[in-house]
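Notes for the structure review
Letter by letter, the chains look like this.
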Amino acid sequence: MSDRFDCKNCNESLYGRKYIQVEAEPHCISCYDRLHANTCQECKEVIGHNAKELFYEDRYYHEHCFRCFRCDRSLADEPFTSQDHGLVCSDCYCNEFSSKCVSCDKTVMPGSRMLEYDGSTWHEDCFTCHGCEKPIGAEAFIPDKNNYYCVPCHEGRFTPQCSHCKKALTKGGLTYRDQVWHQECFRCSGCEAPLAGQTFTSQGEASFCVKCFSSLYAKKCSGCNSAITGFGDGKYVSFEERQWHQPCFKCSRCSVSLVGSGFFPDRDQILCTDWPAG
């Protein structure tokens, strides 16, 4: 007599029938489905032995029940996430919770490269310079009203340019005669010494340090033979095509100052009225 081969639960013979082992014990299909099969989280029905079962976070689903609760698409082979109300496909999640690119108005997908600035979001390739229209990416940029510029475009459009080197003045600089210079570019037209912070003057369109201007253009004092530059006190006396610094305008004989006093010329000399003409 052969050994019995019965269902562990109902004791019916399993010879010639399908069965399922549970902890090394055979069960007929009916007992297995009733006692050991999982219940679908979605439809609350038993997931039978011959149904495809999906498992997520301690919950079981029929394959056909594993769907997005918003659009009802199958999630069996799709990326998804979980919310309080159920499972959500990535498209529905992004449409509701992800930011939209302010340039193309499309969803910025989680994990994609993007840029955020002042409460707005862009795809990395959509954040472009208003001037050259090239993507700015991780480079420096300058906002101007509702537009954004890469540094070269902003400097070319809006930043003053040095009158000498024609490059943008991004910091510092000085202004003279409605023109701007880098401090290091504002130099004497004669010796090229820097003029920033120094006393200087101009002749026509050119600027000169005191030394170069005195050497090239200033008239000579008839008293000391030094240049009359107009710097410092700056006052001088002119008489018959000759000029004197005020301190140098004095009697050739007694050296009394003639500024504001009567005088008369005597050949190359200037004399006070106390001296008779020679």
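Criteria and thresholds
- For every chain, the first residue of its written sequence is number 1, and the numbers climb from 1 along that sequence.
- Local features in this predicted model are restricted to residues whose pLDDT is 70 or higher, and side-chain atom pairs enter the listing and the counts only when it is 80 or higher, whereas totals over whole chains, interfaces and linings include all residues.
- Remark: hydrogens and water are excluded; side-chain values derive from all non-hydrogen atoms of the structure.
- Whenever Lys or Arg places a side-chain nitrogen within 4 Å of a carboxyl oxygen from Asp or Glu, that contact is recorded as a salt bridge.
- By definition, any uninterrupted DSSP run of H or I lasting at least four residues is a helix, any uninterrupted run of E lasting at least two residues is a strand, and each is numbered from the N terminus.
- Throughout this description, buried means an accessible area under 20% of the type-specific maximum (1.4 Å probe, protein chains only), exposed means over 50%, and partly exposed covers the range between.
- Only heavy atoms matter for contacts: two residues are in contact if any of them lie within 4.5 Å across the pair.
- Here, a disulfide means two cysteine sulfur atoms that sit within 2.5 Å of each other.
- Note that the domain bounds were set by an automatic or database domain assignment.
- For this analysis, a nonpolar core means a set of buried residues of the types Ala, Val, Leu, Ile, Met, Phe, Trp, Tyr and Cys, connected via side-chain atoms within 4.5 Å.
- Aromatic pairing here means that ring centres of Phe, Tyr or Trp (its six-membered ring) are within 6.5 Å. Orientation follows from the plane angle: under 30 degrees is stacked, over 60 is edge-to-face, and everything else is tilted.
- A pair of strands is treated as paired once DSSP finds two or more bridges between them.

1. A short note on the pattern of salt bridges
On inspection of all chains with the given rule, the structure shows 9 salt bridges. Ionic pairing is found between R253 and D266, a salt bridge with its closest N-O pair at 3.7 Å. Taken as a pair, R253 in the loop between β18 (242-245) and β19 (263-266) and D266 in strand β19 lie far apart in primary sequence, 13 residues in all. Through salt bridges with shared partners, one network takes in R73, E78 and D91.

2. What to know about the environment of A37
Mapped onto the secondary structure, A37 falls in the loop between α1 (29-35) and β3 (53-56). The buried category is assigned to A37, whose relative accessible area is 16%. The sequence separation of A37 and I47 amounts to 10 residues, and the corresponding C-alpha distance is 6.0 Å. Residues in contact with A37, not counting those within four places in the same chain, are Y32, V46 and I47.

3. As for the state of the cysteines
For the coordinates displayed, the defined rule picks out 0 disulfides. C28 forms no disulfide, and the closest cysteine sulfur to it belongs to C31, at a distance of 3.4 Å. The exposure class of C28 is buried, given its relative accessible area of 2%. As a non-bridged cysteine, C212 has C209 as the owner of its nearest cysteine sulfur, 3.6 Å distant.

4. With respect to the domain arrangement of the chain
By a widespread convention, an interface's size corresponds to the accessible area lost as its parts come together. Domain parsing of the chain yields domain 1 (19-86), domain 2 (98-156), domain 3 (174-216) and domain 4 (218-272). The straight-line distance from the C-alpha centre of domain 2 to that of domain 3 is 43 Å.

5. What to know about the environment of P79
Residue position: P79 is located in the loop between β4 (59-62) and β5 (80-83). A sequence separation of 181 residues divides P79 from G260, and the C-alpha atoms of the two residues are 100 Å apart. Sequence-distant contacts of P79, that is, excluding residues within four places in its chain, are made with C89 and S90.

6. Description of the nonpolar core
Among the nonpolar cores identified, the biggest contains 14 residues, and W181 and C188 are the most heavily contacted of them. At the level of secondary structure, the elements contributing two or more residues to this core comprise β14 (206-209) and α4 (210-216). Excluding its chain neighbours within four sequence positions, the residues that come into contact with W181 are C162, S163, H164, L169, G173, L174, Y176 and F186. Listed in part, the 13 residues of the second largest apolar core include I47, Y56, C65 and L87.

7. Here we look at the packing of aromatic side chains
The final tally for this structure, using the stated rule, is 20 aromatic pairs. Judged by centre distance (5.0 Å) and plane angle (65°), the ring pair of Y61 and F66 falls under edge-to-face. Classification of Y61 by relative accessible area gives buried; the value is 3%. Here a set of aromatic residues connected by ring pairs shows up, and it is made of Y117, W122, F127, F141 and Y148.

8. With respect to unusual backbone geometry
In the Ramachandran plot, K145 falls in the positive-phi region, its phi being about 60° despite a non-glycine side chain. In this fold, K145 is placed in the loop between β9 (141-144) and β10 (147-150). K145 gets classed as exposed once you look at its relative accessible area, which sits at 80%. Even without glycine at this site, D178 takes up a positive phi of about 65°. Along the chain, D178 turns up in the loop between β11 (174-176) and β12 (179-181). The class for D178 is exposed, based on a relative accessible area of 80%.

9. Notes on the pairing of β10
Taken together, the 4 bridges between β9 and β10 define a ladder with antiparallel strand orientation. Residue I142 lies in a different strand from β10, and its bridge partner there is Y149. Hairpin connection between β9 and β10: a loop of 2 residues separates the two successive antiparallel strands, and K145 in this loop has a positive phi of roughly 60°.

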